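Geometric and topological summary
In case you want the letters, here they are:
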Amino acid sequence: PDSLYVSEYFSQSAQKLSFYSWYGNAKLFHFHVPEDTVLLRWLLQASRGKGPECTSMEITVHFRYGAPPVINPLGTRFPANATVRPSYNISITLSSAVQNTTFVNITTPAAGDWFIAAHLPEAAGRIEVKGFSTPCPYMFQADMFVLRLTDMPVLEPGVAMPQTIVSPAKPLHSFQRIITCTGNVNCSLALDSPPWEKWLQIMVESLGTVLVLAVLTPLLFCFTACRPGSTSSFLNFSSLNQSQAGPRPGSTGAAGSSTLPAGASRNVSNKRSFCLQNQPVVREDLDVVSVRYRLLNGPSVPVHSISPTLLLLNLNTGMDSGGSLVVSLLLNKVRSLGNATVVACVSAASPVLSLTATQNCSTAFFQGYPLSVSTSSTEAMLIVLYPQTDDWFLSLQLICPKGQGECNAAEAKVTVFAYLTPCFNDCGPYGQCSLLRRHGYLYAGCSCKAGWGGWSCTDDTKAQSVGAQNLATLLLTLSNLMFLPAIAVAIYRYYLVEASVYTYTMFFSTFYHACDQPGVAVMCIMDYDTLQYCDFLGSVVSIWVTILCMSRVKKILKYVLFILGTLLIAMSLQLDRRGVWNMMGPCLFALVIMIAAWVYHGVKRRHCYPSSWKRWVFYLLPGITLAFIAISVYAFMETNENYYYTHSIWHVLVACSVAFLLPPRDKHKKPWAWSQKLTCRYQICQNDREELYAVT
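You'll find the protein chain entered in an unreviewed UniProt entry as Post-glycosylphosphatidylinositol attachment to proteins 6, with Bubo bubo given as the organism. In its Subcellular location (unreviewed entry) section, UniProt records this for the protein chain: "Cell membrane". The annotation that UniProt attaches to the protein chain under Sequence similarities (unreviewed entry) is "Belongs to the TMEM8 family."

Further remarks concern the pairing of strand β25 (residues 431-438). Bridge count between β25 and strand β26 (residues 441-448): 8 bridges; the pairing is antiparallel. Looking at the pairing, Gly431 lines up with Cys448 of β26. Where β25 hands over to β26, the hairpin turn is made up of 2 residues, of which His439 adopts a positive phi near 55°.

This brings us to the UniProt feature "domain: EGF-like" (unreviewed entry) in the protein chain. Feature annotation in UniProt places "domain: EGF-like" (unreviewed entry) on residues 419-458, given in this structure's numbering. Along residues 419-458 one finds 0% helix and 48% strand; the C-alpha atoms at either end are 20 Å apart.

On to the state of the cysteines. Scanning the entire structure with this criterion turns up 6 disulfides. With a sulfur-sulfur separation of 1.7 Å, Cys345 is cross-linked through a disulfide to Cys361. With the S-S bond torsion at 85°, the cross-link from Cys345 to Cys361 turns out right-handed. Within this pair, whereas Cys345 is found in strand β20 (residues 341-348), its partner Cys361 is found in the loop between β20 and β21 (369-374), the two being separated by 16 residues in sequence. Taken as a pair, Cys345 and Cys361 share a single burial class, namely buried. Between the sulfur of Cys423 and that of Cys433 lies a disulfide, 2.1 Å long from S to S. The sign of the 75° torsion about the S-S bond sets the Cys423-Cys433 disulfide as right-handed.

Turning to a nonpolar patch on the surface, a few remarks are in order. Taken together, the side chains of Trp581, Leu588, Leu591, Ile595, Val599 and Val603 define a hydrophobic patch exposed on the protein surface, amounting to about 600 Å² of accessible area. Within the secondary structure layout, Ile595 lies in helix α7 (residues 581-605). Using a relative accessible area of 49% as the deciding quantity, one classes Ile595 as partly exposed.

Overall, mixed pairing links the 5 strands, which are arranged β14-β18-β23-β20-β21 in an open sheet. Among the strands making up the open sheet, the edge pair consists of β14 (277-279) and β21. Pairs of neighbouring strands in the sheet enclose a mean axial angle of 25°, with direction left out of account. Summarising the sheet, β20 and β21 pair through 6 bridges and their orientation is antiparallel. Within β21, the position partnered with Val343 by the bridge is Ser372.

Cut-offs and rules
Just so you know, the residues in each chain are numbered from 1, in the order the chain's sequence is written. With the structure being a predicted model, the display of local features is reserved for residues of pLDDT at least 70 and the display and counting of side-chain atom pairs for 80 or more, all residues being used for whole-chain, interface and lining totals. The basis for the side-chain values is all heavy atoms of the structure; hydrogens and waters are excluded. UniProt positions are given in the numbering used here, feature names are shortened, and annotations may be inferred rather than shown by experiment. Should DSSP find at least two bridges between two strands, the strands are regarded as paired. Secondary structure counts use DSSP, requiring at least four H or I residues in a row for a helix and at least two E residues in a row for a strand, with both numbered from the N terminus. What counts as a disulfide here is a pair of cysteine sulfur atoms lying within 2.5 Å. The rule is simple: take the accessible area with a 1.4 Å probe, protein chains only, and divide by the maximum for that residue type; under 20% is buried, over 50% is exposed, in between is partly exposed. Surface patches are drawn from residues lacking salt bridges whose relative accessible area is over 30%; two like charges belong together within 9 Å, two nonpolar side chains (Val, Leu, Ile, Met, Phe, Trp, Tyr) within 5 Å. To be clear on the numbers: accessible area is Shrake-Rupley with a 1.4 Å probe, and residue cover counts the displayed protein chains and nothing else. By convention in these notes, a salt bridge is any Lys or Arg side-chain nitrogen within 4 Å of a carboxyl oxygen on Asp or Glu. Only C-alpha atoms enter the line fits that serve as axes; for helices the fit covers just the stretch in contact. Angles between N-to-C directions range over 0 to 180 degrees.

Here you go:
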């Protein structure tokens, strides 16, 4: 009946999508699915703007349980030893319609964290000036509807429970094991190493037609407990002995949930028959998404052939799934048998309790990650990207090539290193590890440079060589030396303040670009943010003082405008460093002042100003042309791939245009007479003052 169902609705705010170049461009949605959920429905809403810049677009949406989806839209390589299991994904197309609504249904999903990641296609790589163009906004929102069942009966061990089932049945669990029973026979299903500390839902349905009203079915459940081989280390799994409230919902004809403990306290005393050896592990939280696991008995653990050695890696805090779990094994020695192999398995939810040479490293519902070390290959490493929130287990067992009988007296010493890190190897020398946030959830991603790609910036398919990196650095730094002619012209024409500004710009632009380079060709003389700010400030102030100098206003007014404009530009850059109006605003205001001053001079002199046609043909027109070409290159031509030479061209064009646009010196000023200014000989000075009071 409908009274057994409870519906709930969860929603998160819409996010603006970005074109994909690294994981930070994917927008993440984090939901928590309650227990006893039998139906999960995602409502996915995508929309775009209505402007002419908006075109048809395909949005890719990824789903994953327990951790953010591991995606690879660019088809790059993952780091060696990394395990990647694809997540479920769909595509939503925005064509002529400005909005698209899509539903995705998941029957009886696993309870816990679910993640959705959405992104646009690969980014074109064009560098756009903020505010110069208006990109089309593409929005995405995910809402979650859940349908829960109430009064689900709990199946106790060893107690038969008759249930009445009808047809049709409710949906099955996502991680399901199916057995078909026909006739009056007993059916049984064995689950090897089922999940620890979790409920298992059992659903029975009738395969008959809808005319079959009811079938009476007794259900019986029993389990075999595992007996750990050490009582002291069993304290690490004491939480597994604690009972928890079972799920209340249940569909008609569905029975039960029950926890299957790894061992009970009453079984620990019997040490003659055990199935595993526990090793105590301490979890040390170092930082955000950074954990180190320390073995209390030392890094080396003994491994035997009779039963596996088990280590618990706790990743169930809800904040551990945004990093990378790294497990490293090193075989130290094998006693009594030299050609044995240590087989290991890393699994979530429950451990693998029986390892063989052909073991596929799987539990009841989870496919683990196999590892092995031997005398011929003593090291092994496993990287689990975005491990799902759960208890993780490392099982190790000694395997002999001729059978386990000859391994009874053998023992291997294996050094185990396990840790959780935000980014594997800190993204390497050509990447930057960034901590991303979605509400209160934190996760990490690598942003690669110098053509490197991949999850950890280890894919060198499009990587720049060291020579190309050095060439790029030289182009971006040495191109600033083109300010030297402008500085020389300014000094020659007595524009000392302007020459000081150009020197400041040349210096900080050179060292900012030397610090801004990826890879090995990098040199930072001070903090990167300081260099960037000084470079942007010098560039805008250089344009500001050049145009004001061309206006030929009175000196006192010019210097007041110099100082006032510089202060306002500094404030504007602090508010928004990459805004287009930080450069366009001062330029336009200075142009207004220059045009007004030129009109005033032209009216006062009753002819065009500047009056010399040579000034227009040989200085102003070339300078204006170079300035417009520079602006066009800066605003429309720069991309991530051609940035090194297009931005260098921008440096050259701007510096040359300044040299052309600076006005000639004032008529009353004489040229620099260096032979008279710099002299070391005595001079006879003449007193030209008139003797008014001479005594004769």
